[in-house]
Amino acid sequence: MSRLLSSALSLRRDPRILKLPPYLSLLCIAIGIAWLLLLPLDDHSRRTYISENALLPGQVHTYFGGSEQNIFRAYRRELDALADESNHGINDKLEDILKGVGLKIGRQRYTYHSAGQEFTGENVYGILQAPRGDATEAIVLVAAWKSIEGSLNRNGVALALTLARYFKRWSLWSKDIILVVPPDSRTGTQAWVDAYHDAHDPSNVASLPLKSGALQGALAIDYPTEKLFEGIHIVYDGTNGQLPNLDLINSIVNIAGGQMGIQTAIQDMKHHAGRYSDRLKTMLRGMLSQGLGNSAGPHSSFIPYHVDAVTLQPYGEGWHDEMAMGRVIEGTFRSLNNLLEHLHQSFFFYLLMQRDRFVSIGTYLPSAMLLSANFSIMAIYLWMKSGQPAAGGSSQGDEKSSVSSDSKGTKANTAVRRSPTTSERDLALPLAVVAGCQAASIIPLFLFNRLPAHMLSSAFHLFSLVSAALPPIVAQLMATFTKPTIQHFQLIKSFSLLILGMTLATLATLNFSLAFLVGLLATPLSFVQPTRNTITRFCLAGSLTVVAPPVVIYTVANFLGVSVVEVLREASFGWNVWGMHTAVVIWCLWWPAWVVGMINVLGNVSQ
């Protein structure tokens, strides 16, 4: 036993052990990326299935059609006459229509402020009380006046009104049906859902005069075109990367494809051939949408309140008409009406490869965890290295004297004398630098979410210059006033990477895509360090500049074909209206870690 303990102690003192963590960190990065690229393969993904047996999708005969098409066309003609009316005038007409159907009507005004702009509107909604229910549960049908693209949602609103009239004639409903017609797809639904759950600001968003029971699910119709369509695009991404229960998507795919013969698509992959490349593209598109965390449609406002919702968009040119879309919605509502409890059995964390193939969190999570583990490994490695005595110091002389005395002393004394010495760590400067960078991150978070739109461009360019100048200024101030040693830089980097690794590991369980993307862009921070070689220093600084948050934002904006101002305006809108948290991760986690990395590269180590 003593021999085993002695071997373990000698292994701990072996200097080769401390050479392993950088290679282990690099291995984690490589395996994490490879893991993600393997997910679209058949061996790592699986086919979707219905977990909630009570849904019984596609098991009932749908009757929507026939004479309802005449009602639909009549409603569409009435809506065409309202195209140039104000929001208030439109709602007056919609209120008369819904009252004529027999629904209880409520209206709600709201006002949001973002990037110096005011977003004001009024929602109108109607509640169809279930003949067999007690107003404890409800299903929502949303048809915004303006589609996601900003055009008149002519067919969508007309179809919703037709369905409301059609549903009123049936006595099978055990859940209330709420029809909501917001003025647009971005603000109105958010105001309505917030007020429904009493989570609104009464000074800006009015309370709802009428309510029903707990919301069990929601469908939004985005149908601005009047031509026959080929298939239905299911938009399911929620704010902050949240997703609806997979059973809802599976039910719609089953009803549309199995019962109606209508194709379905996700992530705008409307001609998916089932190849590896198509699956990978679908997965990456879903990760990008989830990582951005913005609202993808009217349904996104429901998901943070644990209300499963999707938006349905017809696409292409085919032979399916409005009645086919209506039957898909009827079949979905009939399935949701069967539920005895809230959807909970299927997955809430998943990546879809195609409409009928997915991977669950247990399969894809290790890839993001490996990226975050690389930061934690390097943080622990640097902490241990910072406690080692400097080369050529007195500890080496102590070590030699202990070795020379080994041959004379007893074994017990030898073990004591050969125990490794530890250098005292000076924590004041490293903690001050890391804390200062974290505190400075509040500035961009506040500015870009509060400034008016016309100042965002100037503010972004000014901040980019300040962001580039801050690391060399801090490094020069440190060299002038504190004479930092290599230990200081090791501790500064250790604390920063520890924060980055722990936060990304936590974020990966909530928004896998955002954690993976930020972790991937931040991987160079694990391997930069101070150097006296000028060429090496500028090469390291250049590599970090390529992955600087302002540079990445500018590159992404150019790739998407939009201006930086539009990106910042959308981010500000998401923060102020949708409660989007992506800006916190970018400015308060990634940016300060990048600044610390640049300080390490540009720092001057005192002798």
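Reading guide: rules and limits
Residues numbered from 1 in each chain as written. Predicted model: local features only at pLDDT ≥ 70, side-chain atom pairs only at ≥ 80, totals over all residues. Heavy atoms only, no water. Pairing = 2+ DSSP bridges. Helix = DSSP H or I, 4+ residues; strand = E, 2+ residues; numbered from the N terminus. Axes fitted to C-alpha atoms, helices over the stretch in contact; angles between N-to-C directions. Contact = heavy atoms within 4.5 Å. Expected span 1.5 Å × (residues − 1). Buried < 20%, exposed > 50% of the residue type's maximum accessible area, 1.4 Å probe, protein only. Polar contact = N/O pair within 3.5 Å; in protein donor to acceptor, adjacent residues only side chain to side chain. Domains from an automatic or database assignment. Buried area = accessible area lost by both parts, 1.4 Å probe. Phe/Tyr/Trp six-rings, centres within 6.5 Å; stacked < 30°, edge-to-face > 60°.

### Topic: the sheet that holds strand E2 (residues 104–114)
Paired through backbone hydrogen bonds, the strands of a sheet run either parallel or antiparallel to each other. Strand order in the open sheet formed by eight strands is E2-E3-E5-E4-E6-E9-E7-E8, with mixed pairing between adjacent strands. Two strands lie at the open edges of the sheet, namely E2 and strand E8 (263–266), each paired on one side alone. For this sheet, the mean angle separating the axes of adjacent strands, direction not counted, is 25°. Note: E2 against strand E3 (residues 117–128), 11 bridges, orientation antiparallel. Bridging across to E3, Tyr-112 finds its partner in Phe-119. Contacts between helix H20 (residues 564–578) and the sheet are confined to E2 and E3, with E2 contributing the most and set at about 130° to the helix.

### Description of helix H7 (residues 246–259)
For H7, built from 14 residues, the straight-helix expectation of 20 Å at 1.5 Å per residue is met to within 8% by its first-to-last C-alpha distance of 19 Å. Counting buried positions along H7 yields 10 of 14 residues, so the element is predominantly enclosed. Those residues of H7 not exposed but buried are Leu-246, Asp-247, Leu-248, Ile-249, Asn-250, Ser-251, Ile-252, Val-253, Ile-255 and Ala-256. For H7, the capping residue at the N-terminal end is Asn-245, with a side-chain oxygen 2.9 Å from the backbone nitrogen of Asp-247. Taken from the residues just after H7, Gly-261 is the one with a positive phi, measuring 70°.

### What to know about the environment of Lys-104
Tracing the sequence through the fold places Lys-104 in strand E2. Considering only alpha carbons, one finds Lys-104 and Ser-335, 231 residues apart in sequence, at a separation of 24 Å. Each residue touching Lys-104, except ones within four places of it in the same chain, is listed here: Tyr-125, Gly-126, Ile-127, Gln-129 and Leu-210.

### Considerations on the domain arrangement of the protein
Taken as a whole, the protein is organised into domain 1 (19–40 + 365–387 + 425–602) and domain 2 (67–355). One C-alpha centre belongs to domain 1, the other to domain 2, and the line joining them spans 38 Å. Both sides together, the interface formed by domain 1 and domain 2 hides about 2,400 Å², and carbon and sulfur atoms give 60% of it. When the area that domain 1 buries against domain 2 is broken down by residue, the three leading residues are Pro-40, Phe-573 and Trp-578, summing to 30%.

### A short note on the pairing of strand E6 (residues 214–221)
With seven of eight residues buried, E6 lies mostly within the body of the structure. Where strand E4 (residues 137–142) meets E6, six bridges bridge the pair, whose relative direction is parallel. Across the sheet, residue Ile-139 finds its bridge partner in E6, namely Gly-217. With four bridges connecting them, E6 and strand E9 (residues 309–320) associate as parallel partners.

### Considering the packing of aromatic side chains
Applying the stated criterion to the full structure yields 24 aromatic pairs. Centre to centre, the rings of Tyr-125 and Trp-192 are 5.7 Å apart; their planes meet at 75°, and the pair counts as edge-to-face. Highlighted residues: Tyr-125 in strand E3 and Trp-192 in helix H6 (residues 188–196), separated in sequence by 67 residues. Residue Tyr-125 is classed as buried on the basis of its relative accessible area, which comes to 0%. Where Phe-167 meets Phe-333, the ring centres are 5.6 Å apart and the plane angle is 20°; that geometry is what we call stacked. On the criterion of sequence distance, the pair formed by Phe-167 in helix H5 (residues 154–168) and Phe-333 in helix H9 (residues 322–337) is long-range, its members being 166 residues apart. For Phe-167, a relative accessible area of 1% gives the class buried.

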